[in-house]
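Observations on chain architecture
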Protein chains: 2
Amino acid sequence: MSEYQPPLEDINFTLHHIGRLEDVSKLNGFQHADPATVSGLLEEAARFFSEVIAPLNRVGDEQGSVLTDDRVKTPDGFKEAYAKYVEAGWHGAHLPEEWGGGGLPYTVGLVVQEMFKTANMAFSLCPMLTQGAVDALVMHGGDEQKSTYLGRLVTGEWTGTMNLTEPQAGSDLGALRTKAVKQDDGTYRLFGTKIFITWGDHDLTENVVHLVLARTPDAPAGTRGISMFIVPKFVPDAAGNPGEENDIKIVSLEHKLGIHASPTAVVSFGDGGEGAVGYLLGGEQEGMRNMFTMMNAARIGVGLEGLAIGERAYQQAAAYARERVQGRKTGADSSEDVAIIEHPDVRRMLLTMKAYNQAMRALLYLTASESDFADHAESDEERKRASERVAVLTPLVKAWCTDVGVELASLGIQVHGGMGYVEETGAAQHFRDSRIAPIYEGTNGIQAIDLLTRKLPMEDGAVVRDMIEEMRGSLDDIRSVEELGGFADELEASVSGLADTSEWLLNALSTRTIDDALAGASPYLRQFATVVAGWLMARAAMAAAQGSDADSEFNLDKVATARFFGEHLLPQVNGLIPTIKAGNDLLEQARI
Amino acid sequence: MSEYQPPLEDINFTLHHIGRLEDVSKLNGFQHADPATVSGLLEEAARFFSEVIAPLNRVGDEQGSVLTDDRVKTPDGFKEAYAKYVEAGWHGAHLPEEWGGGGLPYTVGLVVQEMFKTANMAFSLCPMLTQGAVDALVMHGGDEQKSTYLGRLVTGEWTGTMNLTEPQAGSDLGALRTKAVKQDDGTYRLFGTKIFITWGDHDLTENVVHLVLARTPDAPAGTRGISMFIVPKFVPDAAGNPGEENDIKIVSLEHKLGIHASPTAVVSFGDGGEGAVGYLLGGEQEGMRNMFTMMNAARIGVGLEGLAIGERAYQQAAAYARERVQGRKTGADSSEDVAIIEHPDVRRMLLTMKAYNQAMRALLYLTASESDFADHAESDEERKRASERVAVLTPLVKAWCTDVGVELASLGIQVHGGMGYVEETGAAQHFRDSRIAPIYEGTNGIQAIDLLTRKLPMEDGAVVRDMIEEMRGSLDDIRSVEELGGFADELEASVSGLADTSEWLLNALSTRTIDDALAGASPYLRQFATVVAGWLMARAAMAAAQGSDADSEFNLDKVATARFFGEHLLPQVNGLIPTIKAGNDLLEQARI
């Protein structure tokens, strides 16, 4: 039924022209990631994820992970596939070599993650969380903590979780109540209940390492009083092997709209009375700061899910449209029915999906690449500039890609007609799976507020202005390439629109009520991301049109697809300007 | 959990100011539908649907209708509720008095249907199909057929179905193969399999009347060769009571994304060998023509589902947002957490939902009202004009409302955050239910092609031009009402945009390839519907601002909500102009 073939041509092209893989591979420590090696590795990855992981997407949805006898059982085939994944070394591809990882750039690791997520979004959440735990331990772990946990988490031999949310504290972590009491031996005992714990338990590995946010008894209220703890399912013994079982109870699993294979657990710590054994990670009351160090990668990882769903939905819908014969071609002489892919309206839906997918891929690879420069560039200045870019791009990636992912999954169903509404077809699963991504890891509304109130005002607006000027600066080049048609004009108009709203909002932040600016935050994020994506698509089209093999099927298609993005989709964003600049008045006046 | 209160204030306001209820009630035959009577009746209806039907929405989703021993069993409570519905006379409210109906205008019947659909979309499909069967019998049935079936279908004592689709023939009915062989006694015997038969069987009533499209042996190929047959589950005996069981087998039910309470059946006719007994409805080979007479009402009925889902999702999300306390108000001095409805981004989502709902309601009531004028106005000219309007408005209602319905259901989940993704909350059901409406009763792509190739060219474009001129003609009035702020300017720009694309497309239909026009059909429909809805919202806001009680809470809110539609949402449509006018080139060049 539904198969997945990683689009290696577009992946490599985008890595090269947008992700600047050549430059990334020259960064300190990444010299073994030369483009040829990376390309070979991605071919192997494509085989692995399409053959081993993708076929489990459907069974994962149908069976789901289930709770029996206080333990979570994953769907058929997951345990074996996970073992192969660890065995092949995919989990640690971009994680530190020091701890057994492959030491590849994040930019390359992101592509591996993209393939996992597209193959099986629900399954991919498990390693994504483990990688977050690795980040936290690398940054904040003590030596002993590192030697006990890091090796096993880097390889994926154990997995990690993040325990943040509590019933009364969703996005507002300051309200959390889980308690951590220090013991004489320096360990802690934890008491409390966490909800929405992704892959909170499972049967894939012999241990699960929970990172838990909690409060020490004397901690101040709000987010400042939060500390982070390592709370293993089985407390490692002296040799570092899983020892005594900790006081952690999986209370229940949520019955969710989608991502059924991913167990979303209610987890109770210290229910037995003595408390769950925990180890402080970083300093007391540094929990929120530690969280923030993981946040960019986590948010980019969730943004990736928008692309993943969009790509999977596209491939499935395109395959269906090529096979399904129905209806004559309007206005044709022949009375023969044609495959529905011949109908312009169906082609429009499919090309919309494809163009958005390529645009999301470009935005994601740019962000990952800037992230590598932020960590590894030689000069302070380069690192600072790149890290500011990452700060701005991250909320765009998280919110825009996940919103678009839902829209494309919806189009994917529509291409199928009535068959799309029948679960067996598989198109509906993408639609259900897609809907979580705009919510978790900070709702998209929170991303928009982050962009508006923290990112836009960075350096008094200079970071955003600099991005806008860079886009403006490339307009002449884009205009000079004949093959790009009207792209430059549309891009110019949309970049000007972005400049307009950015200045209006910067001004509003200082001269109006904060609500006047906040009222426009979400459409501003949509506008911002679409414009940057449009600019990247124009650059991609330039590269395709100007290369030595500009007439190759891939390059001709790249130009047409990019132009579709620029001339059909991009022009829609300036329609958002009025609502971005309208302020809060009507939102206050209406009775909601 | 999820409750539904019909918004009677907005319903009555819209009936009065947009649906022209006063004028409708003066039409021949509708004199008993004076506004006061209608208002009382709708209050009663609101009680019935909110108290009896709405509480079954959740159980319907959870249990679904199931097939056991070749018969469909409906969810707990459905049978009893349906009996009350028939008993109270709601089913026949706007159906012919001659056959036991209430004889109310369609405009009023549509509101009753709105309440049923909002209370329980899956359940509402059963009476919707019965009403389609009533239409077919009233128009095309012989006297004996009418006396046998009509009375029982009008009251809802029996239900009807439409059997169109076959595995190889989805939207393309010309490809259908079900065979009908004439017998010496004038009856027919049917053989064939139909799929996607909504409420194809159930336990609510003692008989089900299938209307089946089939081919007589010598019929020509394509749609011209199709005839329509009455094929009852139990063949009525001489007294008209359900007699011998017909040769109809319910093969299976689809496992669908949503509307689980609605059994979607694969139905096999004549599997037993002798053929299912059928009676020709209308003449042989007139099946398609008969179908078309039912089509407008069916498409408007499905359009109504966009509003239904949008309204239900809005009410649920707004209730949640009022209760759910989380996060401080950004920039506030107080450190107190507030209900999330205080956050501007949440208010934006809710007001977007509310404004679209009111706009859909206005478009639907206008269409229903024109439909009453088309059937009952005194002069030929009035009837012709109204029926042309209905022809143009119907694809707008069907496609735009159902697309918007999906978008609003998605926003409804987003307002809930993580809780929205958990099935128990109920928000996810609306999202799943909503997704069928853009597909059935002619996909939204087919609606767009209908608008472009059949409706726009009516009278050489004069019908559409006349609508555009009417909208333009009201701009001065709108501009003169100070309370309407910038609405008139935005409306003027968007009406001009619609005039521009309409002329471009009319021209393209005669001077370019048909694909150049078809490529823009879907965004053109979106633009057209949004502009008409914007115009209706402006008219509603004028009425609210100029009435004697302009300062009432309702009227102040109406103005603010309408202005939000006009100043925040409507301006987005001109961004569609480039894609509407771009033609088919890139769709052809890209490799899909």
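Residues numbered from 1 in each chain as written. Chains lettered and ligands numbered in written order. Predicted model: local features only at pLDDT ≥ 70, side-chain atom pairs only at ≥ 80, totals over all residues. Heavy atoms only, no water.

1. Observations concerning the packing of aromatic side chains
Residues and elements named next belong to chain A. This model, assessed by the stated rule, comprises 35 aromatic pairs over all chains. With a centroid separation of 4.3 Å and 25° between ring planes, the pair formed by Phe78 and Phe123 is classed as stacked. Within this pair, whereas Phe78 is found in helix 5 (residues 78–87), its partner Phe123 is found in helix 7 (residues 121–140), the two being separated by 45 residues in sequence. We note that Phe78, like Phe123, is buried. Plain terms: the ring middles of Tyr85 and Phe116 are 4.9 Å apart, the flat faces sit at 75° to each other, and that makes the pair edge-to-face. Of this pair, Tyr85 sits in helix 5 while Phe116 sits in helix 6 (residues 106–119), and the two are 31 residues apart along the sequence. Note on accessibility: Tyr85 and Phe116 belong to one class, buried. Over the aromatic face of Phe191 sits the side chain of Lys179, whose NZ or CZ is 5.4 Å from the ring centroid. When the ring centre of Trp535 is taken as reference, the NZ or CZ atom of Arg539 above it lies at 4.7 Å. (Phe/Tyr/Trp six-rings, centres within 6.5 Å; stacked < 30°, edge-to-face > 60°. Helix = DSSP H or I, 4+ residues; strand = E, 2+ residues; numbered from the N terminus. Buried < 20%, exposed > 50% of the residue type's maximum accessible area, 1.4 Å probe, protein only. Lys NZ or Arg CZ within 6 Å of the ring centre and 35° of its normal.)

2. As for the pattern of salt bridges
All names here are of chain A. In total, this model carries 76 salt bridges over all chains according to the counting rule given. Among the salt bridges present, the one from Lys354 reaches Asp557, with a minimum N-O distance of 2.7 Å. Of this pair, Lys354 sits in helix 10 (residues 344–376) while Asp557 sits in helix 19 (residues 553–569), and the two are 203 residues apart along the sequence. Under the relative-accessibility criterion, Lys354 is labelled buried at 9%. For Arg432, the salt bridge goes to Glu423, with nearest N and O atoms at 3.0 Å. (Salt bridge = Lys/Arg side-chain N within 4 Å of Asp/Glu carboxyl O.)

3. Some remarks on the relation of the copies chain A and chain B
With an RMSD of 0.0 Å, chain A superimposes on chain B once it is rotated by 180° and translated 0.0 Å along the axis. The symmetry that links the two subunits is that of a two-fold axis. Among all residues of chain A, the minimum C-alpha distance to the rotation axis is found for Gly575 of chain A, at 2.7 Å. When the interface residues of chain A are mapped onto chain B, 100% of them again fall at the interface, so both copies present the same face. (Least-squares fit on C-alpha atoms with pLDDT ≥ 70 in both. Contact = heavy atoms within 4.5 Å.)

4. Describing helix 8 (residues 143–155) of chain A
Residues and elements named next belong to chain A. Between its first and last C-alpha, helix 8 extends 18 Å over 13 residues, near the 18 Å set by a 1.5 Å rise per residue. On the buried face of helix 8, the contacting elements are helix 7, strand 3 (159–163), strand 6 (208–215), strand 7 (226–232), strand 8 (234–236) and strand 12 (276–281). Where helix 8 terminates, the next one or two residues include Gly156, which has phi positive at roughly 90°. (Expected span 1.5 Å × (residues − 1).)

5. Some thoughts on the nonpolar core
Ranked by internal contacts, the top residues of the largest apolar core, which has 308 residues, are Phe49, Leu350 and Trp400 of chain A together with Phe49, Leu350 and Trp400 of chain B. When neighbours within four sequence positions are excluded, Trp400 of chain A is seen to be in contact with Tyr356, Ala359, Met360, Leu363, Pro395, Leu525, Arg526, Ala529, Thr530, Ala533 and Phe565 of chain A. (Core = buried A, V, L, I, M, F, W, Y, C linked by side-chain atoms within 4.5 Å.)

6. Regarding the interface of chain A and chain B
Across the boundary between the two partners, chain A contributes 86 residues, which contact 86 residues of chain B. Carbon and sulfur atoms make up 59% of the area that chain A and chain B hide from each other, which totals about 7,400 Å². The largest contributions to the chain A side of the interface with chain B come from Tyr421, Arg591 and Ile592 of chain A, which together make up 14% of the buried area. Where chain A packs against chain B, one counts 8 salt bridges. Glu9 of chain B is paired through a salt bridge with Arg591 of chain A; the nearest N and O atoms lie 3.7 Å apart. Where chain A packs against chain B, one counts 40 residue pairs in polar contact (both at pLDDT 80 or more). (Buried area = accessible area lost by both parts, 1.4 Å probe. Polar contact = N/O pair within 3.5 Å; in protein donor to acceptor, adjacent residues only side chain to side chain.)

7. Concerning the domain arrangement of chain A
Considered domain by domain, chain A is made up of domain 1 (8–154), domain 2 (159–285) and domain 3 (443–591). When each unit is reduced to the centre of its C-alpha atoms, the spacing between domain 2 of chain A and domain 3 of chain A is 40 Å. (Domains from an automatic or database assignment.)

8. Description of helix 19 (residues 553–569) of chain B
Helical geometry: 3.6 residues make up each α-helical turn, so side chains three or four residues apart lie on a common side. End to end, helix 19 of chain B covers 23 Å across 17 residues, agreeing with the expected 24 Å (1.5 Å per residue, within 8%). Burial within helix 19 of chain B is extensive, with 15 of its 17 residues counted as buried.

9. Description of the environment of Val134 of chain B
All names here are of chain B. Looking at where Val134 falls in the secondary structure, it is placed in helix 7 (residues 121–140). Look at Val134 and you get buried, because its relative accessible area is 0%. Between the C-alpha atom of Val134 and that of Pro457, which follows or precedes it by 323 residues, the distance is 31 Å. Apart from residues lying up to four places away in sequence, Val134 is in contact with Leu95, Pro96, Leu150, Leu153 and Val154.

10. Things to note about the environment of Glu323 of chain B
Following the sequence through the fold, Glu323 of chain B ends up in helix 9 (residues 287–323). With 15 residues separating them along the chain, Glu323 of chain B and Val338 of chain B place their C-alpha atoms 9.4 Å apart.

11. Here's the deal with the packing of helix 7 of chain B against helix 8 (residues 143–155) of chain B
Residue and element names in this part refer to chain B. At a minimum axis distance of 10 Å, the contact between helix 7 and helix 8 shows a crossing angle of 150°. Here helix 8 runs roughly antiparallel to helix 7, going by the angle between their axes. Crossing of helix 7 against helix 8: the hand is left-handed. Packed against helix 7, whose contacting residues are Thr130, Ala133, Val134, Leu137, Val138 and His140, the element helix 8 presents Gln145, Lys146, Tyr149, Leu150, Leu153 and Val154 at the interface. Looking at the contact of helix 7 with helix 8 residue by residue, the class counts come to 8 nonpolar, 3 polar and 1 charged. (Axes fitted to C-alpha atoms, helices over the stretch in contact; angles between N-to-C directions. Parallel < 35°, antiparallel > 145°, perpendicular 65-115°, else oblique. Left-handed = near helix turned anticlockwise from the far one by under 90°. Nonpolar A, V, L, I, M, F, W, Y, C, P; charged D, E, K, R; others polar.)

12. Points about unusual backbone geometry
Located in the positive-phi region is Trp199 of chain A, a residue other than glycine, with phi close to 50°. Relative to the assigned elements, Trp199 of chain A resides in the loop between strand 5 (188–198) and strand 6.

13. Things to note about a negative patch on the surface
Residues and elements named next belong to chain A. A surface patch of negative charge is lined by Glu482, Glu483, Asp549 and Asp551. In this structure, Glu482 sits in the loop between helix 15 (475–480) and helix 16 (487–511). In this structure Glu482 comes out as exposed when scored by relative accessible area, which is 74%. (Patch = residues over 30% accessible without salt bridge, like charges linked within 9 Å, V, L, I, M, F, W, Y side chains within 5 Å. Areas by Shrake-Rupley, 256 points an atom, 1.4 Å probe, with all protein chains shown as cover. Lys, Arg positive; Asp, Glu negative; His and termini not counted. Charge placed at Lys NZ, Arg CZ, Asp CG, Glu CD.)

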